[in-house]
Amino acid sequence: MNHLELPHYHGEGREIGFIQEQLDHIDNFQTAADVFKQLCDTTRIRIFWLLCHCEECVLNISALLRMSSPAVSHHLRPLKNSGLIVSRREGKEVYYRAADTEECRLLHQMIEQVMEITCLNMEKRPVEELTGRAVDYPSEQVEIVRAIHDQLTQNIGQRITIESLSRQYHINPTTLKEVFKAIYGTSLAAHIKEHRMELAAKLLTETDLTIAEIGQRIGYKSQSRFSSAFKAYFQVLPKEYRKGGAAGN
């Protein structure tokens, strides 16, 4: 199609022919969509960003992200299948890093530009940044939010509202949400849900508790709601995860 065939001509030049030609290569756009699909999850972006800076094993990645090893492995598999990360085995240990490709370098730069951060040498970054401390907020607020985080993770089965937490700790709800996201990189609700799902994965693989019992332990009164939430997070039902449907190392 050239510019004369467009429903409305607005002075477009010969570049319209080139644009139309590129738009007709649907497979190219599908390839790009498939790549971006792998980074549509906060945790996967965090893992990919981490592995752009260093090579790590599953245990270290788990520690850095405060996640369980099964949960990390679940996210590593699609990243590896898409070619965004690669792995090598040294003895019994498997190490992961971002693939050395132009595509990965561009994605890395894009992620950092979107987040408006600078890619610095990891060894030279302040300890506060490496540990996730919100250096732009008063230390009192940071300490309160960390205490709230500890309370929530130690009582993972309880449903505690932001309003009740703000009253208990005498902190504005908006401030609580802002400081929490600055420290932990995601919203309070999303972060606690991640903890719930990681604990559920651990209980499914390490205990004989029923699916209903596991759901109740992490705060879901309904087994069906727990199963739906678990599938949305891991892309498999709890019973499938228990049978070995989760990604391995």
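Because the structure is predicted, anything quoted here is derived from the model rather than measured.

**Observations concerning the packing of helix H3 (residues 42-53) against helix H5 (residues 69-81)**
Line of reasoning, step 1. For the pair H3 and H5, interaxial distance at closest approach is 10 Å and the crossing angle is 75 degrees. One element, H3, and the other, H5, form an angle in the roughly perpendicular class. From H3, Thr-43, Arg-44, Ile-47, Phe-48 and Leu-51 reach across to H5, where they touch Val-72, His-74, His-75, Leu-76, Pro-78 and Leu-79.
Line of reasoning, step 2. Split into classes, the residues belonging to the contact of H3 with H5 amount to seven nonpolar, three polar and one charged.

**What to know about the environment of Lys-221**
Line of reasoning, step 1. Structurally, the position occupied by Lys-221 is in the loop between helix H12 (211-217) and helix H13 (223-234).
Line of reasoning, step 2. Judged by its relative accessible area of 84%, Lys-221 is exposed.
Line of reasoning, step 3. Sequence-wise, Lys-221 and Gly-157 are 64 residues apart; in three dimensions their C-alpha atoms are separated by 9.8 Å.

**Comments concerning the pairing of strand E3 (residues 93-98)**
Within a regular strand, the side chains alternate between the two sheet faces.
Line of reasoning, step 1. Side chains of E3 alternate between two faces, with Val-94, Tyr-96 and Ala-98 buried and Glu-93, Tyr-95 and Arg-97 left unburied.
Line of reasoning, step 2. Bridging between strand E1 (residues 56-57) and E3 involves two bridges; their strand directions are antiparallel. Its bridge partner being in E3, Cys-57 is matched across the sheet by Tyr-95.
Line of reasoning, step 3. One ladder, built from six bridges, connects strand E2 (residues 85-90) with E3; its direction is antiparallel. Counted as the bridge partner of Ser-87 is Tyr-96 from E3.

**Focus: the sheet that holds E3**
Line of reasoning, step 1. An order of E1-E3-E2 is seen for the three strands of this open sheet, with the pairing classed as antiparallel. Each having just a single partner strand, E1 and E2 make up the two edges of the open sheet.

**Section: the side chain of His-75**
Line of reasoning, step 1. Its place among the elements puts His-75 in helix H5.
Line of reasoning, step 2. Residue classification places His-75 among the buried residues on the basis of a relative accessible area of 0%.
Line of reasoning, step 3. Among residues more than four places away in sequence, those in contact with His-75 are Asp-41, Thr-43, Arg-44, Ile-47, Met-67 and Tyr-233.

**Description of the packing of aromatic side chains**
Line of reasoning, step 1. Counting across every chain of the model gives six aromatic pairs.
Line of reasoning, step 2. The interplanar angle of 50 degrees and the centroid separation of 5.9 Å between the aromatic rings of Tyr-220 and Phe-226 together place this pair among those described as tilted.
Line of reasoning, step 3. Measuring from ring centre to ring centre gives 5.9 Å for Phe-226 and Phe-230, while their planes differ by 65 degrees; the resulting arrangement is edge-to-face. One end of the pair is Phe-226 and the other is Phe-230, both in helix H13 and four residues apart, which spans about a single turn. Here Phe-226 and Phe-230 have matching classes, each one buried.

**Observations regarding the pattern of salt bridges**
Line of reasoning, step 1. Across all of its chains, the model carries six salt bridges by this definition.
Line of reasoning, step 2. Glu-194 is the partner of Arg-46 in a salt bridge, and the nearest nitrogen-oxygen pair spans 3.7 Å. Highlighted residues: Arg-46 in helix H3 and Glu-194 in helix H11 (residues 188-206), separated in sequence by 148 residues.
Line of reasoning, step 3. Arg-88 is the partner of Glu-55 in a salt bridge, and the nearest nitrogen-oxygen pair spans 2.9 Å. Taken together, the positions of Glu-55 in the loop between H3 and E1 and Arg-88 in strand E2 put the pair 33 residues apart, joining distant regions of the chain.
Line of reasoning, step 4. Owing to a relative accessible area of 28%, Glu-55 belongs among the partly exposed residues under this scheme.
Line of reasoning, step 5. With a relative accessible area of 35%, Arg-88 lands in the partly exposed category.
Line of reasoning, step 6. Among the charged side chains, a network of salt bridges with common partners joins Glu-55, Arg-88 and Glu-90.

Conventions we followed
Residues numbered from 1 in each chain as written. Predicted model: local features only at pLDDT ≥ 70, side-chain atom pairs only at ≥ 80, totals over all residues. Heavy atoms only, no water. Axes fitted to C-alpha atoms, helices over the stretch in contact; angles between N-to-C directions. Helix = DSSP H or I, 4+ residues; strand = E, 2+ residues; numbered from the N terminus. Parallel < 35°, antiparallel > 145°, perpendicular 65-115°, else oblique. Contact = heavy atoms within 4.5 Å. Nonpolar A, V, L, I, M, F, W, Y, C, P; charged D, E, K, R; others polar. Buried < 20%, exposed > 50% of the residue type's maximum accessible area, 1.4 Å probe, protein only. Pairing = 2+ DSSP bridges. Phe/Tyr/Trp six-rings, centres within 6.5 Å; stacked < 30°, edge-to-face > 60°. Salt bridge = Lys/Arg side-chain N within 4 Å of Asp/Glu carboxyl O.

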